[in-house]
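What follows is the residue order along each chain.
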Protein chains: 2
Amino acid sequence: MQDKQRVARAALSRLMEPSDTAGLALVSVAGPETALAVATGQTPGDAGLEREVARCLEEEGVGGGWTGLGPALRRWAPRVADLAPERDLDTAARLGGRYLVPEDELWPEALNDLGLMTPLGLWWRGAETPLPQARSCVAVVGSRDSTSYGASVTGELAHGLAQRGYSIVSGGAYGIDAHAHRAALAGGTSALPTIAVMACGVDRYYPAGNEDLLRTVAAQGALLAEVPPGSSPTRWRFLQRNRLIAALAGATVVVEARWRSGALNTAHHADSLSRPVGAVPGSVYSANSAGCHRLLREGSAVCVTDASEVAELVSPAGSALADEFGGHAARASDHDGLNLEDLLLLDALPVRAASSPEKLSTVAGLDVDTVLAGLGRLQLLGLAEASAGGWRRRKAAE
Amino acid sequence: MQDKQRVARAALSRLMEPSDTAGLALVSVAGPETALAVATGQTPGDAGLEREVARCLEEEGVGGGWTGLGPALRRWAPRVADLAPERDLDTAARLGGRYLVPEDELWPEALNDLGLMTPLGLWWRGAETPLPQARSCVAVVGSRDSTSYGASVTGELAHGLAQRGYSIVSGGAYGIDAHAHRAALAGGTSALPTIAVMACGVDRYYPAGNEDLLRTVAAQGALLAEVPPGSSPTRWRFLQRNRLIAALAGATVVVEARWRSGALNTAHHADSLSRPVGAVPGSVYSANSAGCHRLLREGSAVCVTDASEVAELVSPAGSALADEFGGHAARASDHDGLNLEDLLLLDALPVRAASSPEKLSTVAGLDVDTVLAGLGRLQLLGLAEASAGGWRRRKAAE
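Residues numbered from 1 in each chain as written. Chains lettered and ligands numbered in written order. Predicted model: local features only at pLDDT ≥ 70, side-chain atom pairs only at ≥ 80, totals over all residues. Heavy atoms only, no water.

Peer 1: Any chance you could break down the overall build of chain A for me, citing the residues and the numbers?
Peer 2: Along chain A, the regular secondary structure elements total 16 helices and 11 strands. Overall, the C-alpha framework of chain A stretches about 105 × 45 × 40 Å when taken along its three principal axes. Taken over 398 residues, chain A has a buried fraction of 55%. Sequence separation of at least 24 residues holds for 74% of the intrachain contacts in chain A that already meet a minimum separation of 6. Entry remark: accessible area of chain A is about 15,900 Å², with carbon and sulfur atoms responsible for 50%. (Helix = DSSP H or I, 4+ residues; strand = E, 2+ residues; numbered from the N terminus. Buried < 20%, exposed > 50% of the residue type's maximum accessible area, 1.4 Å probe, protein only. Contact = heavy atoms within 4.5 Å. Areas by Shrake-Rupley, 256 points an atom, 1.4 Å probe, with all protein chains shown as cover.)

Peer 1: I'd like a rundown of the sheet that holds strand S8 (residues 277–279) of chain A, residues and numbers included.
Peer 2: Residue and element names in this part refer to chain A. The nine strands lie next to each other as S1-S2-S6-S5-S4-S3-S7-S8-S9, forming an open sheet whose pairing is mixed. Each edge of the sheet is formed by a strand with only one pairing partner; in this case those strands are strand S1 (97–100) and strand S9 (302–303). Across the face of the sheet, helix H1 (residues 3–15) comes into contact with S1 and strand S2 (122–125) while running at roughly 90° to S1. Lying over the sheet, helix H8 (residues 211–220) contacts S2, strand S5 (194–197) and strand S6 (222–225), oriented at roughly 100° with respect to S6. (Pairing = 2+ DSSP bridges. Axes fitted to C-alpha atoms, helices over the stretch in contact; angles between N-to-C directions.)

Peer 1: Tell me about the packing of aromatic side chains, and name the residues and values.
Peer 2: Scanning the entire structure with this criterion turns up six aromatic pairs over all chains. Their ring planes at 90° and their centres at 6.0 Å tell us that Tyr149 of chain A and Tyr285 of chain B sit as a pair that is edge-to-face. With Tyr149 of chain A in helix H6 (residues 148–163) and Tyr285 of chain B in the loop between strand S8 (277–279) and helix H11 (290–298), this residue pair bridges two chains. Since its relative accessible area comes to 42%, Tyr285 of chain B is described here as partly exposed. When the ring centre of Trp259 of chain A is taken as origin, the NZ or CZ atom of Arg294 of chain A, which lies over that ring, is 4.5 Å away. (Phe/Tyr/Trp six-rings, centres within 6.5 Å; stacked < 30°, edge-to-face > 60°. Lys NZ or Arg CZ within 6 Å of the ring centre and 35° of its normal.)

Peer 1: Please set out the interface of chain A and chain B residue by residue, giving values where relevant.
Peer 2: A common way to express how large an interface is: the accessible area buried when the components associate. Counting residues at the interface gives 54 residues for chain A, matched by 54 residues for chain B. Carbon and sulfur atoms supply 58% of the area buried between chain A and chain B, which totals about 4,800 Å² over both sides. With a closest N to O distance of 3.5 Å, Arg297 of chain B and Glu309 of chain A form a salt bridge. At the level of elements, helix H4 (69–80), H6, helix H9 (235–248), helix H11 (290–298), S9, helix H12 (307–314), helix H14 (340–348) and helix H15 (357–364) of chain A are the ones that each hand at least two residues to the side of chain A that touches chain B. Of the residues contributing to the side of chain A that touches chain B, the split by class is 24 nonpolar, 12 polar and 18 charged. (Buried area = accessible area lost by both parts, 1.4 Å probe. Salt bridge = Lys/Arg side-chain N within 4 Å of Asp/Glu carboxyl O. Nonpolar A, V, L, I, M, F, W, Y, C, P; charged D, E, K, R; others polar.)

Peer 1: Provide a residue-level description of the packing of helix H9 (residues 235–248) of chain B against helix H10 (residues 262–272) of chain B, including the pertinent values.
Peer 2: Residue and element names in this part refer to chain B. Between H9 and H10, whose axes approach to 8 Å, the crossing angle comes to 50°. In terms of axis orientation, H9 runs oblique to H10. Crossing geometry of H9 relative to H10 is assigned as right-handed. Seen from H9, the contacting residues are Leu239, Asn242, Arg243, Ile245 and Ala246; seen from H10, they are Gly262, Asn265, Thr266, His269 and Ala270. (Parallel < 35°, antiparallel > 145°, perpendicular 65-115°, else oblique. Left-handed = near helix turned anticlockwise from the far one by under 90°.)

Peer 1: Can you explain the pattern of salt bridges? Please cite residues and give values.
Peer 2: All told, the structure shown has 38 salt bridges over all chains when counted by the stated rule. Notably, a salt bridge pairs Arg243 of chain A with Glu226 of chain A, separated by 2.6 Å at the nearest N-O pair. Taken together, the positions of Arg243 of chain A in helix H9 and Glu226 of chain A in the loop between S6 and H9 put the pair 17 residues apart, joining distant regions of the chain. Glu226 of chain A carries the same exposure label as Arg243 of chain A, and that label is buried. Close ionic contact of Asp88 of chain B with Arg87 of chain B constitutes a salt bridge, the shortest N to O distance being 3.7 Å.

Peer 1: Quick rundown of the relation of the copies chain A and chain B? Include the residues and the values.
Peer 2: For the pair chain A and chain B, the superposition axis carries a translation of 0.0 Å, the fit reaches an RMSD of 0.1 Å, and the rotation angle comes to 180°. Look at the turn and shift together and you get a two-fold axis relating the two. If distances are taken from each C-alpha of chain A to the rotation axis, the shortest is found for Gly282 of chain A, at 2.2 Å. Comparing contact sets, 100% of the residues at the interface of chain A also lie at the interface in chain B, consistent with an isologous, same-surface contact. (Least-squares fit on C-alpha atoms with pLDDT ≥ 70 in both.)

Peer 1: Before we move on, can you summarise unusual backbone geometry with the specific residues and values?
Peer 2: Residues and elements named next belong to chain A. Of the consecutive residues Tyr206 and Pro207, the connecting peptide bond is found in the cis state with omega at -5°. On the secondary structure map, Pro207 appears in the loop between S5 and H8. The backbone of Ser19 sits at a positive phi, close to 60°, despite the residue not being glycine. Mapping Ser19 onto the fold places it in the loop between H1 and helix H2 (21–39). Positive phi outside glycine occurs at Ser274, with the angle close to 60°. Position of Ser274 among the secondary structure elements: in the loop between helix H10 (262–272) and S8. The exposed category is assigned to Ser274, whose relative accessible area is 66%.

Peer 1: Explain the packing of H14 of chain A against H15 of chain A to me, and be specific about the residues and the numbers.
Peer 2: Residue and element names in this part refer to chain A. Contact pair H14 / H15: the axes reach a minimum separation of 9 Å and the direction vectors enclose 110°. Compared by their axis directions, H14 and H15 come out roughly perpendicular. Here Leu344, Leu345 and Ala348 of H14 lie close against H15, whose contacting residues are Leu360, Val363 and Ala364. Of the residues assigned to the contact of H14 with H15, the class counts are six nonpolar, no polar and no charged.

Peer 1: For H10 of chain A, give the residues involved together with the corresponding values.
Peer 2: Residue and element names in this part refer to chain A. All of the buried residues in H10 are Ala263, Leu264, Thr266, Ala267 and Ala270. Across the axial projection of H10, the buried residues extend over an arc of 155°, all falling on one side. Close packing links the buried residues of H10 with strand S3 (137–141), H9, strand S7 (251–254), S8 and H11. The backbone nitrogen of Ala263 lies 3.0 Å from a side-chain oxygen of the residue at the head of H10, namely Ser261. Of the residues trailing H10, Ser274 is marked for its positive phi of about 60°. (Arc of directions from axis to C-beta. Polar contact = N/O pair within 3.5 Å; in protein donor to acceptor, adjacent residues only side chain to side chain.)

Peer 1: Could you give an account of the sheet that holds strand S4 (residues 167–170) of chain B, naming the residues involved and the relevant values?
Peer 2: Residues and elements named next belong to chain B. Spatial ordering of the open sheet is given by S1-S2-S6-S5-S4-S3-S7-S8-S9, a layout of nine strands whose pairing is mixed. Each edge of the open sheet carries a strand with a single partner, namely strand S1 (97–100) and strand S9 (302–303). Helix H8 (residues 211–220) contacts strand S2 (122–126), strand S5 (194–197) and strand S6 (222–225) of the sheet and is inclined by roughly 100° relative to S6.

Peer 1: Could you give me a rundown of the domain arrangement of chain A, with the residues and numbers involved?
Peer 2: Residue and element names in this part refer to chain A. Segmentation of chain A into domains returns domain 1 (3–124), domain 2 (126–324) and domain 3 (340–393). The straight-line distance from the C-alpha centre of domain 1 to that of domain 2 is 27 Å. Across the contact, 24 residues belong to domain 1 and 26 residues belong to domain 2. It is Pro18, Trp123 and Trp124 that lose the most area in domain 1 upon contact with domain 2, and together they represent 29% of the buried surface on that side. Across the domain 1-domain 2 interface, the total number found is three salt bridges. Asp113 is the partner of Arg275 in a salt bridge, and the nearest nitrogen-oxygen pair spans 2.8 Å. Counting every contact that joins domain 1 to domain 2 gives 10 residue pairs in polar contact (both at pLDDT 80 or more). Per-element tally for the side of domain 1 that touches domain 2: the top contributor is S2, with three residues. For the side of domain 1 that touches domain 2, a count of residues per class yields 12 nonpolar, six polar and six charged. (Domains from an automatic or database assignment.)

Shown next, in the form of structure tokens:
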């Protein structure tokens, strides 16, 4: 057990904001312990290290603001005095939790798809049950101010997926998130029916109105966060948290979202990870469906209307599983499978007064021989019947 | 004027069902007059002609049942006795109409995209105004048993498109079709605000309940059919009629459709002609939206929620026109366009009690110089204000 690495990563998780590219590059090139020593000023960062960090960022295609090691050190400095990683680890343990790091066996492989943006570690509250693999997780996300339509669809989707053994990943927020967690808790058949990924520390219940729900999720599922205990949720942390939801799940479904919505951010993270995204359609008059329709229009999401369609997104091969639960029962029609002549003949057959083969020949535009042969076939199928006056149509038996 | 050709095509339109591949190939290789002579048995079809028809069908990639000339002749024979093309042309003229043929100047070019399946001619009732080009026509189609949601969306879409100068093409049926025609008649700004393509003769009002509507369409727009006056609508004719709707319009929109629906047939015709298809989303609980969602899932339709989005389908370049009518007004948020540091700083700024730059530095995870510079920028944007006790957040002016 690399406990020094764990302590170093715990400290770094307080020092740096999520997705601090310079910081993550520093950890990547120097390892967590050296990175912490440099970040806290115990070891001076030299020009060689600076170059390595720059090269790492370049390889990852990261540009923009957070790239230099110098500015990063100045950015981290104000937080150095407050570091107390052992205390944070104790807090997590007291809550029945732990700090999972990439070196651990239980580390979810799926997060490594984030590349440089893989979190430093996961503050994890709940039983030490392995997190399900991405292909067994579905993220169900959406508006905080969901409508009754959104609540109903979320409940059915999450319940149906949980019944199929999927774990439901969401953000613990009001609205769609909360409905998704609740339905999963009610219907779950997997060891971890639901996972809430928080933008604040796992010791906090945010939003406060979801305290009971989040306590239950911690007891029967898992609460996860990359920020350490005590951290408050900020806009930046919400946005970065969304990448973890997208990465943990094999597919992300947006049930309701406004034209501008955090759920769309999660969907775009999933899309950029090449994870399938589903969007639930709704009324064109509902502002809460405008974001879903936007995803569908942009082609970044597939239209999904029930749990079996979502299950197909995660495991296209597992359609047998989906079929078991039914889907659209495409009811056969009388005219299914008829050849062209028989279709024309069926159209021409009167329902009441019977008609002669000669008359049918003119009406249908078929020669008499074809009509006679076709009448035989339709009779066998129970679609035509002969009477004294000629032929008429029969409704197929239900 | 090729009046003999017109008469021949009129006769052939009664002899053959729509999309009779062997018949259309015969017309293609021999011309309408010779084709009629062969089809009616006046001129015997020889082996050379048979081969040419077969080659034409092969070139068009047509296989299956209706390919041989021999069976075709037997199929047409029962109708020969009833041919009276001059009488049919008189009937059309008496109704204020005509029979348009591909040789005519007014023939809509767009129909030629159907290749071999181009109709023999168009029975046309209404003023002799040129039919609009495909890029000025939108097909709006859907369920006969539309819901109030479908009726409302259809009305808004068709009215909005008609106001923009598009001609609305539909099938004259109950439900979505009727709502589309009515809204176009009410809002139309083009010479032919709406066009109904019928599966029966243009002298018939089908369904009977739409008689008033279809009379108005004939007076202010156009009624079209490929089958001659007096023809009754059959399933086959409905299905073939759908290809004309799809071909005449630059784009096809399905507002409501069940899982199995004629409107989907129209959409697939449009798709196979590489004409864009739009589908209106709706409740996942509405059976009348299941067909639309199916199109979206299959990727054969784009999600459309208002007239401007439909207009974009028809003329992607005409977005200026669409903008004029507005669309989603993406309201800007306070944090739009901020750089990463300023975003973190804005998150850290308290709304009530003011905070010092040093405290903000720890909370935001930024060095003090960056905080001071950022506070200056946020102040300029009206997002931060300084007071005696320090800095606090300000809501941006609306």
